[in-house]
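Summary of structural features
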Amino acid sequence: MRLLSRFDLSYVYAFLGEATLALNFVLYIFIARILGPEQFGIFAAAIALAGILSLFIQFGLPRFTNREIAAQPETATRSIALFLLVECLTSLAVLIVFLPFALVFGYREKVLAVYYLALIAEVGRAVILTLRNAIKGLGWFRSESIVVFIERTVVFLLAALVLFRTQNLVLVISAMAIARVAFSLSLLFYLSRKVRVFSPIRWAKIITTIKAAYPFAISGVLWILYYQVDIVMLEALSTKAETGFYSASYRVLEIFSALPRVIFYVIFTRLAKYQVSAPERLSEQLYKATRLLLLTVIPLVFLAGTFQTNLIQALYSDEFTRSIQSLSILLPSLAVKVFGTISEQFLQATGKERKVPRILMAAALSNVVVNAVLIPRFASVGAAIATLLSECIMATFGLRILAQTGYSRASLNIVLIAILSFFITTIPTLILYGLSPLIGGVLALPCIALLLYRMKPSYFKESSADV
């Protein structure tokens, strides 16, 4: 009973919410199987581009909302309507500006419709995400997980029904857009019944909100550009089939990325809260985040790498066998990504968000350059290599800046843990390409022992003179 009383159910609720990503994953598998690699490539490219533009739509407001409400839950909820108004203005600007660019790039008729509908779906998702972050900021993780479950279930059921009945990509993505917009309105009504979400809105408040949120917006744009540019560049520099292969492997990676997101959802709210109420506990939160990532994510990535061939064949069929090549590189990159993301989350939660764009700029630019070099020659495998290299750059820059803010001991320890974790999660890929499993096991054991040794609270504590 004592152990259960100490267990933080916030992580459970956050995990249950993220587990519903499986519905999106299953929907994308249905689209890939029913429509084939070429149509799936168009769909994947449209979703990727909409994902990039969604950060212009969001303008950093979901993360900003989370931090503000977590730090000041009694008063900040009154600004929710203001945040949504700014989001509507940015959405309108994106929808208008996108048309001439789409025509220049040759999008016509059906393809143009798919891209525009994907954008409208992202507008609905942005509003939902802002409202969900408001709920998380209030600490209502159980309610947030229920909201996520309902939203993703509705989108999945409606889109899947349209897909099986029509096998028409335009109608499928139309269903997704309608479901998200309708749900966003319903969620706003629900939240307005729980807390006060409206306050007088003046032009000066809109300008103040834009100024406060723009560091989050810049970071968000760089972040999504970093993670979605691969698919967009693949479509431009390679074939639609290669885009489909890479997208399939990336969708598998996203499922395993859900677990670290769960941890960061809770940790971010805790960091924002303690920055105001108990800043001396920030080192403790760094330790908890690293420990959770190491004990949960790294074993899961290793297991996924061991069965990656079976995953692709079972989920996407033998037609997507080439996806294994890129997945074998993407999975180990996740071991680097999760520890590099710690610095970005910490800086944004503790009021140092202006430092984050420097980290993401270095990662995004390196990703674009390496993609441009490798995709024409290696296609989807080149895109995966570019992702891995840019993850290493982002982790290096991020943890260096974290050290400069007064957490040098914790930062150095996280670097060591990331290197060891990457080596361990690479072993299944090496075995896939011919390494003896026995040798792989022998190489992994000392790394595991060193990881367990370094996961002590003392390696994360800074002296009072440093912090």
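Just so we're clear, the structure is a prediction, and the values are computed from it rather than from any experiment.

**Considerations on the side chain of Gln58**
Along the chain, Gln58 turns up in helix H3 (residues 21-58). Ignoring any residue separated from it by four or fewer positions in sequence, one finds Gln58 in contact with Glu87, Arg125, Ala126 and Leu129.

**What about the environment of Ala395?**
Its location among the elements puts Ala395 in helix H15 (residues 380-404). Sequence spacing of Ala395 and Leu360 is 35 residues, and the spatial spacing of their C-alpha atoms is 9.8 Å. Each residue touching Ala395, except ones within four places of it in the same chain, is listed here: Val336 and Gly340.

**Focus on helix H12 (residues 308-316)**
Residues Gln308, Ile312 and Tyr316 constitute the buried set of H12. For H12, the angular spread of the buried residues around the axis is 40 degrees, confining them to a single face.

**What to know about the side chain of Ser380**
Topologically, Ser380 is positioned in helix H15. Residue Ser380 is classed as buried on the basis of its relative accessible area of 0%. In this view, Ser380 contacts Leu234, Glu242, Tyr246, Arg322 and Ser326; residues no more than four positions away in its chain are not counted.

**A few points about the nonpolar core**
Of all hydrophobic cores here, the largest spans 106 residues; its most connected members are Ile31, Phe43, Tyr316 and Phe339. If we skip the residues at most four places from it in the chain, Phe43 touches Tyr28, Ile31, Leu169, Ile173 and Met176. Formed by 15 residues, the second largest nonpolar core is a distinct cluster that contains Leu131, Ile135, Leu191 and Val195.

**Structural notes on a nonpolar patch on the surface**
On the surface, a cluster of nonpolar side chains totalling about 400 Å² of accessible area is made up of Leu92, Ile96, Val97 and Phe101. As for its position among the elements, Val97 is in helix H5 (residues 80-104). Taking relative accessible area as the criterion, Val97 reaches 45% and is therefore assigned partly exposed.

**Observations concerning the pattern of salt bridges**
Enumeration over the complete set of coordinates arrives at five salt bridges. In this structure, Glu151 engages Arg180 in a salt bridge whose closest nitrogen and oxygen atoms are separated by 3.9 Å. Placement of Glu151 in helix H7 (residues 141-166) and of Arg180 in helix H8 (residues 169-194) is noted, with a sequence separation of 29 residues between them. Each member of the pair, Glu151 as well as Arg180, is classed as buried. Across the pair Lys288 and Glu284 runs a salt bridge whose closest N-O atoms are separated by 3.2 Å.

**Quick word on the environment of Ile80**
The residue Ile80 is located in helix H5 in this model. On the accessibility criterion, Ile80 (2% relative accessible area) is buried. Each C-alpha atom of the pair Ile80 and Val195 lies 10.0 Å from the other, and the pair is 115 residues apart in sequence.

**Remarks on unusual backbone geometry**
The phi angle at Gln167 is positive, at roughly 50 degrees, despite the residue not being glycine. The exposure class assigned to Gln167 is exposed, which follows from its relative accessible area of 52%. A positive phi angle, close to 55 degrees, is found at Ala379, a residue other than glycine. Position of Ala379 among the secondary structure elements: in the loop between helix H14 (356-378) and H15.

**Thoughts on the packing of aromatic side chains**
One pass over the full model with this rule turns up 11 aromatic pairs. Ring geometry for Phe30 versus Phe164: centroids 5.2 Å apart, planes at 65 degrees, classification edge-to-face. Pair noted here: Phe30 is in helix H3 and Phe164 is in helix H7, with a separation of 134 residues, a long-range link. Residue Phe30 is classed as partly exposed on the basis of its relative accessible area of 25%. Note on Phe64 and Phe83: the rings are 5.6 Å apart at their centroids and 70 degrees apart in plane angle, and the pair reads as edge-to-face. On the criterion of sequence distance, the pair formed by Phe64 in helix H4 (residues 61-71) and Phe83 in helix H5 is long-range, its members being 19 residues apart. Accessibility classification places Phe64 together with Phe83 in one group, the buried group. Through successive ring pairs, a cluster of aromatic residues spans Phe30, Phe156 and Phe164. Between Arg454 and the ring centre of Tyr459, over which it is positioned, the NZ or CZ distance is 3.8 Å.

**As for a positive patch on the surface**
A contiguous patch of positive charge, built from Arg78, Arg196, Arg202 and Lys205, is present on the exposed surface. Position of Arg196 relative to the elements: it lies in the loop between H8 and helix H9 (203-237).

**Topic: the packing of H12 against helix H13 (residues 323-349)**
In the contact formed by H12 and H13, the axes pass within 10 Å of each other and the chain directions differ by 130 degrees. By the angle between their directions, the pair H12 and H13 is classed as oblique. Judged by the sense of rotation from one axis to the other, the crossing of H12 with H13 is right-handed. On H13, the residues that touch Gln308, Thr309 and Ile312 of H12 are Ser323, Ile324, Leu327, Ser328 and Leu331. A breakdown of the residues in the contact of H12 with H13 according to their chemical character gives four nonpolar, four polar and no charged.

What counts and what doesn't
Residues numbered from 1 in each chain as written. Predicted model: local features only at pLDDT ≥ 70, side-chain atom pairs only at ≥ 80, totals over all residues. Heavy atoms only, no water. Helix = DSSP H or I, 4+ residues; strand = E, 2+ residues; numbered from the N terminus. Contact = heavy atoms within 4.5 Å. Buried < 20%, exposed > 50% of the residue type's maximum accessible area, 1.4 Å probe, protein only. Arc of directions from axis to C-beta. Core = buried A, V, L, I, M, F, W, Y, C linked by side-chain atoms within 4.5 Å. Patch = residues over 30% accessible without salt bridge, like charges linked within 9 Å, V, L, I, M, F, W, Y side chains within 5 Å. Areas by Shrake-Rupley, 256 points an atom, 1.4 Å probe, with all protein chains shown as cover. Salt bridge = Lys/Arg side-chain N within 4 Å of Asp/Glu carboxyl O. Phe/Tyr/Trp six-rings, centres within 6.5 Å; stacked < 30°, edge-to-face > 60°. Lys NZ or Arg CZ within 6 Å of the ring centre and 35° of its normal. Lys, Arg positive; Asp, Glu negative; His and termini not counted. Charge placed at Lys NZ, Arg CZ, Asp CG, Glu CD. Axes fitted to C-alpha atoms, helices over the stretch in contact; angles between N-to-C directions. Parallel < 35°, antiparallel > 145°, perpendicular 65-115°, else oblique. Left-handed = near helix turned anticlockwise from the far one by under 90°. Nonpolar A, V, L, I, M, F, W, Y, C, P; charged D, E, K, R; others polar.

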